[in-house]
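Residue strings, one per chain:
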Amino acid sequence: MDEDFLTEAFYQLRKDAAAGIDEMTVTEYAVNLGERIADLHRRMVAREYRAQPARRVWIPKGDGGQRPLAILVLEDKIVQRAVAMLLEAIYEPHFCEFSFGFRRQRSAHQALTYLRQQCLEHDINWIIDADIQKFFDTISWEELRAILQKRVNDGAILRLIGMWLHVGVVEGERITHQEMGTPQGAPISPILANIFLHTVLDEWFHNDVRTRMKGSCFLARFADDFVMGYNLKSDAERVYEVLPKRFERFGLRIHPEKSRRVQFSRPYWKQGKGPGSFAFLGFTHYWGKTRQGGWTIKRKTQGKRLSRFLSGIGDWCKEHLHETIAKQYGILSAKLRGHYQYYGLRGNFKMLEVAYEGTRAKWKKWWSRRNTKDRMGWEKFATQVEDIFDLPKPRIVHAF
């Protein structure tokens with residue numbers, strides 16, 4: 001890792017990322033960038049570089065809990081991004097085609113397309129919808145190091161990774177040191193997670209599971225979210241029974257309540273929907289009727305994801321009630337466009353309409369609170385607000 005490599009790693013960082021405990025931003029670091037990078041490289045060569053504790057913040061999860069997020073100091077982000085670039089070059093040729101998370105030129109929508117195609121092409125009847133309990137927080141450092149040493153013999157790289165895992169996090173005025181896990185939000189965590197699960201799940205499925213099945217099967221994985229599909233019930237039962245044992249060998253745990261085996265057969269009747277459904281990457285997958293009268297796999301926005309989006313819209317409108325209507329319109333429009341960009345799959349238009357109408361209702365509710373003397377109805381809201389500031393209408397972005 002020379003100075004040019006570290007400079008490239010710096011330019012790959014997000015410019016609007018939050019600052020760590022050093023309060024150094026990307027913009028401030030860019031001043032005299034050459035001198036700063038040269039000094040960082042000198043300290044790395046002399047082994048004088050030391051990682052600093054990350055600042056911990058908590059963000060809400062869809063199930064009502066909170067997810068810990070680590071905000072690193074800028075120099076740690078630079079070096080971690082550089083090491084991640086090296087590991088990506090080493091491991092990318094060995095990753096499986098059904099792994100889509102945290103990889104260049106791959107996306108969540110490609111994972112959704114792959115899953116749907118596999119179900120249709122291989123006559124899948126049973127789905128294993130599994131959840132890894134607190135994956136990033138429970139990765140075993142010993143197992144991770146053993147996995148890395150199979151392809152990475154550079155002691156300096158292993159020392160850096162060990163330093164980042166042991167450095168701890170700052171919460172308030174207290175520094176906490178963990179004994180396992182990788183900090184979520186750190187640039188190095190995604191590639192470490194992929195390397196770990198490649199050994200635990202991907203290679204095991206490709207080399208051992210697939211070869212022992214009597215019927216067809218598939219695996220689709222995006223980071224720590226994965227779904228397995230099987231043609232035969234007996235195959236699904238065998239894997240579902242052994243799956244927790246496989247993960248326990250590496251210190252991980254399959255969530256007993258959030259994991260399940262679902263019948264997902266193509267329906268043979270004429271009306272209604274198919275038996276069972278499952279969620280993957282924010283979409284509920286189910287069998288539904290086409291316009292021609294046949295059956296196909298459809299996707300719609302997962303209920304809890306839609307509720308979380310509308311709840312966030314309401315909270316934002318409440319907190320920014322003092323802003324001008326033009327600024328509120330700009331932010332709400334951006335939020336809706338972002339929602340359409342991800343959830344705008346063909347067949348999901350009705351759920352996009354729910355998101356649109358829900359946003360309108362939240363905006364009207366809180367905007368009317370600014371004038372408590374004269375209650376604002378829909379007609380007044382339309383003439384005073386919507387005729388001037390028209391929110392983006394629902395649209396399908398991904399027509400595949």
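Residues numbered from 1 in each chain as written. Predicted model: local features only at pLDDT ≥ 70, side-chain atom pairs only at ≥ 80, totals over all residues. Heavy atoms only, no water.

Run through the sheet that holds strand 4 (residues 169-171), naming residues and quoting values.
Within a sheet, neighbouring strands are paired by backbone hydrogen bonds and run either parallel or antiparallel to one another. Ordered in space as 2-1-4-5, the four strands form an open sheet in which the pairing is mixed. Either end of the sheet is taken by a strand with one partner, and the two such strands are strand 2 (66-71) and strand 5 (174-176). The sheet shows a mean angle of 45° between the axes of neighbouring strands, direction not considered. As paired strands, strand 1 (residues 54-60) and strand 2 are joined by six bridges and run antiparallel to one another. Within strand 2, the position partnered with Pro60 by the bridge is Gln66. (Pairing = 2+ DSSP bridges. Helix = DSSP H or I, 4+ residues; strand = E, 2+ residues; numbered from the N terminus. Axes fitted to C-alpha atoms, helices over the stretch in contact; angles between N-to-C directions.)

I'd like a description of the side chain of Thr301, backed by residues and values.
Its place among the elements puts Thr301 in strand 11 (residues 295-301). In this structure the side chain of Thr301 is engaged in a polar contact, spanning 2.9 Å, whose partner is the side chain of Asn348. (Polar contact = N/O pair within 3.5 Å; in protein donor to acceptor, adjacent residues only side chain to side chain.)

Outline the sheet that holds strand 11, supporting the account with residue identities and numerical values.
Ordered in space as 9-10-11, the three strands form an open sheet in which the pairing is antiparallel. The open sheet terminates on both sides in strands that have one partner only, identified here as strand 9 (278-280) and strand 11. Recorded for the sheet is a direction-independent mean angle of 40° between the axes of neighbouring strands. Direction of pairing for strand 9 relative to strand 10 (residues 283-289): antiparallel, over a ladder of three bridges. In the sheet register, Phe278 faces strand 10, and the bridge partner there is His285. Relative to strand 11, helix 5 (residues 108-121) is tilted by about 155°, and along the sheet it contacts strand 9, strand 10 and strand 11. (Contact = heavy atoms within 4.5 Å.)

So what's going on with the packing of helix 11 (residues 303-319) against helix 12 (residues 325-343)? Residues and values would help.
Contact pair helix 11 / helix 12: the axes reach a minimum separation of 11 Å and the direction vectors enclose 170°. Taken together, helix 11 and helix 12 sit at an angle that is classed as roughly antiparallel. Facing helix 11, whose interface residues are Arg305, Leu306, Phe309, Ile313, Trp316 and Cys317, helix 12 presents Gln328, Ile331, Leu332, Lys335, Leu336, His339 and Tyr343. Among the residues forming the contact of helix 11 with helix 12, the class breakdown is nine nonpolar, two polar and two charged. (Parallel < 35°, antiparallel > 145°, perpendicular 65-115°, else oblique. Nonpolar A, V, L, I, M, F, W, Y, C, P; charged D, E, K, R; others polar.)

Any details on the packing of helix 7 (residues 141-148) against helix 9 (residues 189-212)? Residues and values, ideally.
Between helix 7 and helix 9, the shortest axis-to-axis distance is 10 Å and the interhelical angle comes to 85°. Relative to helix 9, helix 7 is oriented roughly perpendicular. Of helix 9, the residues touching helix 7 (which contributes Glu143, Leu144, Ile147 and Leu148) are Leu192, Ile195, Phe196 and Thr199.

Lay out the packing of aromatic side chains in plain terms, naming residues and giving numbers.
In total, this model carries 15 aromatic pairs according to the counting rule given. Look at Phe196 and Phe250: their rings are 6.4 Å apart centre to centre, the planes differ by 80°, and that puts the pair in the edge-to-face class. Separated by 54 residues along the polypeptide, Phe196 in helix 9 and Phe250 in the loop between helix 10 (233-248) and strand 8 (260-263) bring together distant segments of the chain. The buried category is assigned to Phe250, whose relative accessible area is 9%. Connected via pairs of aromatic rings, a cluster forms that spans Phe10, Tyr11 and Tyr29. A cation sits over an aromatic face here: Arg106 above Phe100, 5.1 Å from the ring centre. Positioned above the aromatic ring of Tyr286, the side-chain terminus of Lys300 is 5.4 Å from the ring centre. (Phe/Tyr/Trp six-rings, centres within 6.5 Å; stacked < 30°, edge-to-face > 60°. Buried < 20%, exposed > 50% of the residue type's maximum accessible area, 1.4 Å probe, protein only. Lys NZ or Arg CZ within 6 Å of the ring centre and 35° of its normal.)

Interpretation in functional terms is not warranted from these geometric data alone.
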